[in-house]
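# Residue-level structure breakdown
One-letter residues, chain by chain:
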Amino acid sequence: FRFRPQAHWYILVVMCRSLFVGMIPVVPHPTLQIYLLMIVLLATLETALHYKPWRVANLNWMDTGFASIMVMFLTMASFMVKGA
């Protein structure tokens, strides 16, 4: 099992995150794509920080670390979008 028994529901968060990340390229405006992706990542980041769902403690830190790095890259990318 990936998650602690108390956080068995977290697989739904992972699945919804994957669905939303996959659907965001459908949005035609690049700035809106970046902001929507930031919202999805920040929401899952907050959930992972609050509940620490992973069975192995280091995976909680890796999950939040990768999401934080992605948010930082998206913030930098938002400055480079033309016509924003």
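Calculation rules
Residues numbered from 1 in each chain as written. Predicted model: local features only at pLDDT ≥ 70, side-chain atom pairs only at ≥ 80, totals over all residues. Heavy atoms only, no water. Helix = DSSP H or I, 4+ residues; strand = E, 2+ residues; numbered from the N terminus. Buried < 20%, exposed > 50% of the residue type's maximum accessible area, 1.4 Å probe, protein only. Contact = heavy atoms within 4.5 Å. Areas by Shrake-Rupley, 256 points an atom, 1.4 Å probe, with all protein chains shown as cover. Core = buried A, V, L, I, M, F, W, Y, C linked by side-chain atoms within 4.5 Å. Axes fitted to C-alpha atoms, helices over the stretch in contact; angles between N-to-C directions. Parallel < 35°, antiparallel > 145°, perpendicular 65-115°, else oblique. Left-handed = near helix turned anticlockwise from the far one by under 90°. Nonpolar A, V, L, I, M, F, W, Y, C, P; charged D, E, K, R; others polar.

Okay, the overall build of the chain next. Summing up its helical and strand segments, the chain has 3 helices and 0 strands in all. Per-residue burial for the chain yields a buried fraction of 33% across its 84 residues. Pairs at least 24 residues apart make up 62% of the contacts formed inside the chain by residues separated by at least 6 positions. Working note: accessible area of the chain is about 6,000 Å², and carbon and sulfur atoms make up 75% of it.

Once that is clear, we can look at the nonpolar core. Residues Ile24, Ile34, Leu37, Met38, Val40, Leu41, Val71, Leu74 and Val81 constitute the largest nonpolar core, which totals 9 residues. Contributions of two or more residues to this core are made by α2 (30–51) and α3 (57–78). Of the residues forming this core, the biggest block, 5 residues, is contributed by α2. Setting aside residues up to four positions removed in sequence, valine 81 forms contacts with Pro30, Thr31 and Ile34.

The next point concerns the packing of α2 against α3. Here α2 crosses α3 at 160°, and the two axes come no closer than 9 Å. With respect to α3, the axis of α2 lies roughly antiparallel. The way α2 lies across α3 gives a crossing that is left-handed. Side by side, α2 and α3 meet where Ile34, Leu37, Met38, Leu41, Leu42, Leu45, Ala48 and Leu49 of the first sit next to Asp63, Thr64, Ala67, Ser68, Met70, Val71, Leu74, Thr75, Ala77 and Ser78 of the second. Here the contact of α2 with α3 is built from residues that sort into 13 nonpolar, 4 polar and 1 charged.

Right, let's talk about the packing of helix α1 (residues 10–23) against α2 for a bit. Contact pair α1 / α2: the axes reach a minimum separation of 10 Å and the direction vectors enclose 170°. In terms of orientation, α1 lies roughly antiparallel with respect to α2. Contact residues: α1 offers Tyr10, Val13, Arg17, Phe20 and Val21, while α2 offers Leu37, Val40, Thr44, Thr47 and Ala48. Considered class by class, the residues forming the contact of α1 with α2 number 7 nonpolar, 2 polar and 1 charged.

Below, the discussion takes up the side chain of asparagine 60. Its location among the elements puts asparagine 60 in helix α3. According to the relative accessible area criterion, asparagine 60 is buried, its value standing at 8%. In this structure asparagine 60 touches Lys52, Pro53 and Trp54, once residues within four positions along its chain are discounted.

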